[in-house]
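One letter stands for each residue in the lines below.
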Amino acid sequence: MLRTIGLITGGGDAPGLNAVIRAVVKTAVGEYGLRVVGIEDSFEGLIGEPRARPLTPADVRGLLPRGGTILGTRNRGRFVERLESGAHQPKAIYNEAVENLRRLGIDALIVLGGEGTLTTASEFDRLGIPVIGVPKTIDNDLAATEMTFGFMTALDISTEALDRLHTTAESHDRVMILEVMGRHAGWIALHSGISGGADVILIPEIPFSMRKIADKVFEREGCGSQFSIIVVAEGAKEVEGVEHYQDMGDDERAPRLGGIGQHVAQEVGRLTGKEARCVVLGHLQRGGSPNAFDRMLATNFGSAAVRAMMRGQRGVMVALHAANIRTVPLAEAIAKRKTVPADSQLIRTARDIGVSFATPDEDEYHKHETC
Ligand code: F6P
């Protein structure tokens, strides 16, 4: 008999986490008469003396538009460190956490996270704690769902940044480069590049040539536009190049991508003789209030997760498919990363309207004069 659900938020935060928490609590308490306990700071709250607190409908009042997570989160922390350091038996760490769940009277878990967090969550399920996952990440890189919450808000923020860069780029006749997040997937760069009218889009899935970026800048000059806008995903790399990292990470810290935008600015400045500036959008993409779509999706995911649990499902993740929520096995959810397919319709559309991906064969596209 299921009486108490534990709620965990893990990995990097994303707009909409609090909206999911609110929906889970309202549905679990109001619809099914369950108790909800929030675990603090991801799985960290289950190590040593547990850190957790009951969540009632009163506790989630006003949460819908609030950014971040009231439970706190970690994308590494002691739990993962101890798992990976080899100094502790993984089994012992999980046993300690499971024992703490029992002490807290928690019968099942709803875990909000991306690939890494859901991988850890699936181990709890294997150990006998029923788990329902909820897909979260601004990167939108989980293959088992059409959309993760957080992505649409990050897209709005990147698009607004590109709009703002347009006016200053045009005033100064500059090349402005916006570096956006996304890890090894180019979704934020591709979507915001199109919605923000970028001239060049650089994504991890399509290695680029610096020379071809310069060609695009010259082509625009030839048509009377003295400025250009480039959006680059943090994981993008040159043909035969490597990803740029600002921190390679260690036992305690995850590797952090970053630096490609500045590199592009330097090289494009050198190749074109124009002033080039880089803006790294960074955590602005993750902070603050979720947009309307993410509030709706997060709410739908949260309620659907509780319903799935009450139907007796376990070891699954709620996922968006053709505007409806369904469930997919957690194993499937963590097995495959979703990256931008080279033959994606959106890439074709971008090329059709004259956007360059700066590939060595870029001249094959958009051959006709469009000045
Ligand atoms: O996965 C979400 C994400 O925001 C990535 O886009 C980015 O590479 C990473 O997290 C940054 O993580 P941190 O919070 O460690 O800076």
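Going by the structure above, here's the rest.
Not measured: the values here are computed from a predicted model. (Residues numbered from 1 in each chain as written. Predicted model: local features only at pLDDT ≥ 70, side-chain atom pairs only at ≥ 80, totals over all residues. Heavy atoms only, no water.)

Focus on the environment of Pro135
Examined against the element boundaries, Pro135 turns out to sit in strand E5 (residues 131-135). A relative accessible area of 0% means that Pro135 is categorised as buried. Residues Pro135 and Met147, twelve residues apart in the sequence, show an inter-C-alpha distance of 8.2 Å. Contact partners of Pro135, with chain neighbours within four places excluded, come to Gly113, Leu142, Thr145, Thr148, Phe149, Phe301, Met317 and Val318. (Helix = DSSP H or I, 4+ residues; strand = E, 2+ residues; numbered from the N terminus. Buried < 20%, exposed > 50% of the residue type's maximum accessible area, 1.4 Å probe, protein only. Contact = heavy atoms within 4.5 Å.)

Here we look at the packing of helix H5 (residues 151-172) against helix H6 (residues 187-195)
Interaxial distance between H5 and H6 falls to 9 Å at its minimum, and their mutual angle equals 50°. As judged from the angle between their axes, H5 and H6 are oblique. In this structure, H5 crosses over H6, and the sense of that crossing is right-handed. Along its contact with H5, which presents Phe151, Ala154, Leu155, Ser158, Thr159 and Leu162, the element H6 presents Trp187, Ile188, His191, Ser192, Gly193 and Ser195. Of the residues belonging to the contact of H5 with H6, the class tally is six nonpolar, six polar and no charged. (Axes fitted to C-alpha atoms, helices over the stretch in contact; angles between N-to-C directions. Parallel < 35°, antiparallel > 145°, perpendicular 65-115°, else oblique. Left-handed = near helix turned anticlockwise from the far one by under 90°. Nonpolar A, V, L, I, M, F, W, Y, C, P; charged D, E, K, R; others polar.)

Let's talk about the state of the cysteines
One pass over the full model with this rule turns up one disulfide. A sulfur-sulfur distance of 1.8 Å marks the disulfide that ties Cys223 to Cys371. Between Cys223 and Cys371 the sulfur-sulfur dihedral comes to about -75°; the bridge is accordingly left-handed. Note that Cys223 is positioned in the loop between helix H7 (210-222) and strand E8 (228-233) and Cys371 in the segment after helix H11 (345-352), a separation of 148 residues in sequence. (Disulfide = S-S within 2.5 Å.)

Let's talk about the packing of aromatic side chains
Under the counting rule described, the total for this entry stands at two aromatic pairs. A centroid spacing of 5.3 Å and a plane angle of 10° characterise the contact between Phe43 and Phe124, whose relative ring orientation is stacked. In this pair, Phe43 sits in the loop between strand E2 (35-39) and strand E3 (52-54) while Phe124 sits in helix H4 (residues 115-126), placing the two residues 81 residues apart along the sequence. Classification of Phe43 as buried rests on a relative accessible area of 5%. For Phe124, a relative accessible area of 0% translates into the label buried. Ring centres 5.2 Å apart and planes at 75° place the aromatic pair Tyr94 and Phe124 in the edge-to-face group. One end of the pair, Tyr94, is in helix H3 (residues 90-103); the other, Phe124, is in helix H4, with 30 residues separating them in the sequence. (Phe/Tyr/Trp six-rings, centres within 6.5 Å; stacked < 30°, edge-to-face > 60°.)

Focus: the sheet that holds strand E7 (residues 200-202)
Taken in spatial order, the four strands of this open sheet run E7-E8-E6-E11, and their pairing is parallel. Pairing within the sheet leaves two strands with one partner each, and these edge strands are E7 and strand E11 (276-280). Each strand of the sheet is rotated relative to its neighbour by a mean of 20°, with strand direction disregarded. One ladder, built from three bridges, connects E7 with E8; its direction is parallel. (Pairing = 2+ DSSP bridges.)

Some remarks on the pattern of salt bridges
Evaluated as defined, the whole model comprises 22 salt bridges. For Lys212, the salt bridge identified is with Asp363, shortest N-O distance 3.1 Å. Separated by 151 residues along the polypeptide, Lys212 in helix H7 and Asp363 in the segment after H11 bring together distant segments of the chain. Here Lys212 falls in the buried class, since its relative accessible area comes to 13%. For Asp363, a relative accessible area of 53% corresponds to the exposed category. (Salt bridge = Lys/Arg side-chain N within 4 Å of Asp/Glu carboxyl O.)

Notes on the site of the ligand
Around the ligand, the structure places Asn75, Ile138, Asp139, Met181, Gly182, Arg183, Glu234, Arg256, His283 and Arg286. The contact in question runs from an oxygen atom of the ligand to an N or O atom on the side chain of Asp139, over 2.6 Å. Here an oxygen atom of the ligand sits 2.9 Å away from a polar atom, N or O, in the side chain of Arg286. Out of a free accessible area of 400 Å², the ligand has 80% covered by protein chains. For the shell around the ligand, the residue count by class is two nonpolar, three polar and five charged. Lining the shell around the ligand are residues from two domains, each supplying at least three of them: domain 1 (4-149 + 290-334) and domain 2 (151-286 + 341-365). (Near = heavy atom within 4 Å. Polar contact = N/O pair within 3.5 Å; in protein donor to acceptor, adjacent residues only side chain to side chain. Areas by Shrake-Rupley, 256 points an atom, 1.4 Å probe, with all protein chains shown as cover. Domains from an automatic or database assignment.)

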